[in-house]
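Descriptive analysis of the structure
So you can see what is in the structure, the chains are spelled out below.
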Amino acid sequence: MNIQALHFVLDIDGNGSISSWEVIDALKWGATLPGRLLVEGLGNIPLVANTFGIQASAATGYASFNSLLATGVSLVFWVLVLYLLTRIGAQREPKASTQAAPPVIPGMPHYRGPKPHKHSG
């Protein structure tokens, strides 16, 4: 199975070095990947592709990769990922105490720390 949404070349102009605009293009490609994958999958289902006007298959070309649907799906995906990352561990129950109480030994006085100095007046 050939998934066109996964095809990417980092050195676009083929000069052997990677420039800053190619790095920015790579970041855009990574950010829009979830939406492009979904649009390509939906574009291979004829009924759905005709209903939504998706052109993301080998037969129709891949014009819908930059569509509002692909961008919206990517945006929703990344918002959900960020939301889930902020919620990790938020529902944990707080522990009552992190330190156990020292054992009580009968006849042994409890140590209360150093005594304050007496001031002579």
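Each chain has its residues counted from 1, running along the sequence as written. Confidence filtering applies because this is a predicted model: local features only for residues at pLDDT of at least 70, side-chain atom pairs given and counted only at 80 or more, and all residues used for totals across whole chains, interfaces and linings. The side-chain figures draw on all heavy atoms in the structure; neither hydrogens nor water molecules are used.

With that out of the way, let us pick up the side chain of S74. Think of it this way: any DSSP run of H or I at least four residues long counts as a helix, any run of E at least two long counts as a strand, and we number them from the N terminus. Position of S74 among the secondary structure elements: in helix α4 (residues 68-87). Per-residue accessibility, obtained with a 1.4 Å probe over protein chains only, is compared with the maximum for each type, and a residue is labelled buried under 20%, exposed over 50%, and partly exposed between these values. Overall, the relative accessible area of 4% leaves S74 in the buried class. From its side chain, S74 meets the backbone nitrogen of G35 in a polar contact 2.9 Å long. Contact definition: two residues touch when any of their heavy atoms are within 4.5 Å. If we skip the residues at most four places from it in the chain, S74 touches A31, T32, L33, P34, G35 and R36. We define a polar contact as two N or O atoms separated by no more than 3.5 Å, with the added condition that, inside protein, one atom must be a possible hydrogen donor and the other a possible acceptor, whereas residues neighbouring each other in sequence contribute only through side-chain atom pairs.

Inspection of helix α2 (residues 33-43) places L33, P34, G35, R36, V39, E40 and G43 among the buried residues, and these make up the whole buried set. Lining the buried residues of α2 we find α1 (20-31), α3 (46-52) and α4.

Looking now at the nonpolar core. Only buried Ala, Val, Leu, Ile, Met, Phe, Trp, Tyr and Cys residues count toward a nonpolar core, and they belong to the same one when joined by side-chain atoms within 4.5 Å. Among the nonpolar cores identified, the biggest contains seven residues, and these are A5, V39, A49, I54, A56, F65 and A70. Apart from residues lying up to four places away in sequence, A5 is in contact with W29, L33, R36, L37, E40 and F65.

A surface patch of nonpolar side chains, about 430 Å² in accessible area, is lined by F8, L10, I18, V23 and L27. The class for F8 is partly exposed, based on a relative accessible area of 30%. Exposure above 30% relative accessible area and the absence of a salt bridge qualify a residue for a patch, where like charges join within 9 Å and nonpolar side chains (Val, Leu, Ile, Met, Phe, Trp, Tyr) within 5 Å. Methods summary: accessible areas were calculated by the Shrake-Rupley approach with a probe of 1.4 Å, and residue burial reflects only the protein chains presented. Salt bridges, as used here, are contacts in which a Lys or Arg side-chain nitrogen is within 4 Å of a carboxyl oxygen on Asp or Glu.

Taken over all residues, the pLDDT of the chain has a mean of 81, while the share at 70 or more is 88%. Here α3 stands out as the element of the chain with the lowest mean pLDDT, 86, in contrast to α4, whose mean of 92 is the highest. Values of pLDDT, the confidence the predictor places in each residue, fall between 0 and 100.

Between rings of Phe, Tyr and Trp, where Trp is taken as its six-membered ring, a pair exists when centres lie within 6.5 Å; planes separated by under 30 degrees are stacked, by over 60 edge-to-face, and by other angles tilted. If you walk through the whole model with that rule in mind, you get two aromatic pairs. Seen in terms of ring centroids, F8 and W29 are 4.9 Å apart; in terms of plane orientation they differ by 25 degrees. Their pairing is stacked. You can see F8 sitting in the segment before α1 and its partner W29 sitting in helix α1, a full 21 residues away along the chain. On the accessibility criterion, W29 (22% relative accessible area) is partly exposed. With a centroid separation of 4.9 Å and an interplanar angle of 80 degrees, the aromatic rings of F77 and W78 are classed as edge-to-face. Overall, the relative accessible area of 37% leaves F77 in the partly exposed class. Assessed through its relative accessible area of 38%, W78 is described here as partly exposed.

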